[in-house]
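Analysis of the macromolecular model
Here are the chains, one letter per residue:
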Amino acid sequence: MKKIIVLILLICAANVKAQSGLQIGAEISPSWKLLLHKSKTTSIRSSESGFGFTAGIPVKYWLSEYTSFNTGLNYIFSSYDVIANNVFISTTRFNTVQIPLSFNINLKADWYGIVGTGVDYNFISRTRFGGIRSDISPIINKVQPFLTLGVNNLRETDNGFFEIGLQARYQLLNLNNSNSIVFDNTSSHVLSLDVLMRFYI
């Protein structure tokens, strides 16, 4: 009897979800990152390359046949390693919780444009130079609004919908806050290129 009740509830939930245009899924997306630096005194630019990934629960709500609103809850890992002559120098790592807020707009057939914004929260930020580890959370802006732009393909499979695409994200605030010794001299921003891989039920 309990199994029958559970089955009925699942069918009802699926019908409500289908009628409301709501899709919930899972995401695991690798990313390539650039930590962009600009000197406030000389305007000289430099950068550090890094890598990372996003894992989370994407939520897609269809506003019409051709447009959807996208949000969810993501965990993001980011790492920037400095290596010279095959010798490890230092690494900086960020652990982030993200709430994305974007729109999918149909371009052609199964292809959609991505445009939107969102908020990152850096809850753990650490660096390691040689054998010395340091917590840099007090000297960075933990809350980071960002802009996003990209393109994705959404196709129906036997078990759900598979989404793959490319998405660029740019954090708007200086990574360093006023407690940092480089705040007055350097402005730093994060640019990410994500390879989107999401599956929706």
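Residues numbered from 1 in each chain as written. Predicted model: local features only at pLDDT ≥ 70, side-chain atom pairs only at ≥ 80, totals over all residues. Heavy atoms only, no water.

1. Here we look at the overall build of the protein
- Counting its regular elements, the protein contains one helix and nine strands.
- When the elements of the protein are put in sequence order from the N terminus, they spell out α-β-β-β-β-β-β-β-β-β.
- Once the C-alpha set of the protein is aligned to its principal axes, its extents read approximately 65 × 40 × 35 Å.
- Looking at the protein residue by residue over its 201 residues, the buried ones come to 37%. (Helix = DSSP H or I, 4+ residues; strand = E, 2+ residues; numbered from the N terminus. Buried < 20%, exposed > 50% of the residue type's maximum accessible area, 1.4 Å probe, protein only.)

2. Remarks on the nonpolar core
- Leu35, Tyr80, Phe94, Ile136, Ile140, Leu175 and Val190 together form the largest nonpolar core, which totals seven residues.
- Setting aside its immediate chain neighbours within four residues, Val190 contacts Leu34, Leu35, Tyr80, Arg169, Tyr170 and Gln171. (Core = buried A, V, L, I, M, F, W, Y, C linked by side-chain atoms within 4.5 Å. Contact = heavy atoms within 4.5 Å.)

3. Some words on the environment of Arg198
- The residue Arg198 is located in strand β9 (residues 186-200) in this model.
- Sequence-wise, Arg198 and Ile28 are 170 residues apart; in three dimensions their C-alpha atoms are separated by 6.7 Å.
- Dropping the residues within four chain positions of it, Arg198 is found in contact with Ala26, Glu27, Pro58, Phe161, Phe162, Glu163 and Gln167.
- Looking at Arg198, its side chain comes within polar contact range of the side chain of Glu27, at 3.0 Å. (Polar contact = N/O pair within 3.5 Å; in protein donor to acceptor, adjacent residues only side chain to side chain.)

4. A short note on the pairing of strand β7 (residues 143-156)
- Pairing of strand β5 (residues 111-129) with β7, which is carried by eleven bridges, proceeds in the antiparallel orientation. Paired with Thr117 across the two strands is Leu147, which belongs to β7.
- As paired strands, β7 and strand β8 (residues 161-171) are joined by eleven bridges and run antiparallel to one another. From the neighbouring strand, Leu149 faces β8, where its bridge partner is Ala168.
- Connecting β7 to the next strand, β8, in antiparallel fashion are four residues. (Pairing = 2+ DSSP bridges.)

5. Observations concerning the pairing of strand β1 (residues 22-39)
- Inspection of the sheet shows β1 paired to strand β2 (residues 45-62) by 15 bridges, in the antiparallel sense. Within the sheet, the bridge partner assigned to Ile24 lies in β2 and is Val59.
- Hairpin connection of β1 to β2: five residues between the antiparallel strands, including Ser43 at a positive phi of 65°.
- Here twelve bridges tie β1 to β9, and the two strands are oriented antiparallel to one another. From the neighbouring strand, Gly25 faces β9, where its bridge partner is Tyr200.

6. Section: empty space enclosed by the protein
- As enumerated under the stated definition, the model contains two cavities of 30 Å³ or more in all.
- Reported here for the largest cavity is a volume of approximately 180 Å³.
- Around the largest cavity, the lining comprises 20 residues; the ones closest to its centre are Glu27, Asn74, Pro100, Gln167 and Arg198.
- Contributing elements (two or more residues each) for the lining of the largest cavity: β2, β3 (67-84), β4 (87-108), β7, β8 and β9. (1 Å grid on protein atoms, 1.4 Å probe; cavity = no way out; pocket = protein on both sides within 12 Å on 5 of 7 lines; lining within 4 Å. Points joined across faces, edges and corners; volume = space filled by probe spheres on them.)

7. A few points about the pattern of salt bridges
- Enumeration over the complete set of coordinates arrives at six salt bridges.
- For Arg169, the salt bridge identified is with Asp120, shortest N-O distance 3.8 Å. Taken together, the positions of Arg169 in strand β8 and Asp120 in strand β5 put the pair 49 residues apart, joining distant regions of the chain. No difference in accessibility class separates Arg169 from Asp120, as the two residues are buried.
- Each of Glu27, Lys60, Glu163 and Arg198 takes part in one network of salt bridges that share partners. (Salt bridge = Lys/Arg side-chain N within 4 Å of Asp/Glu carboxyl O.)

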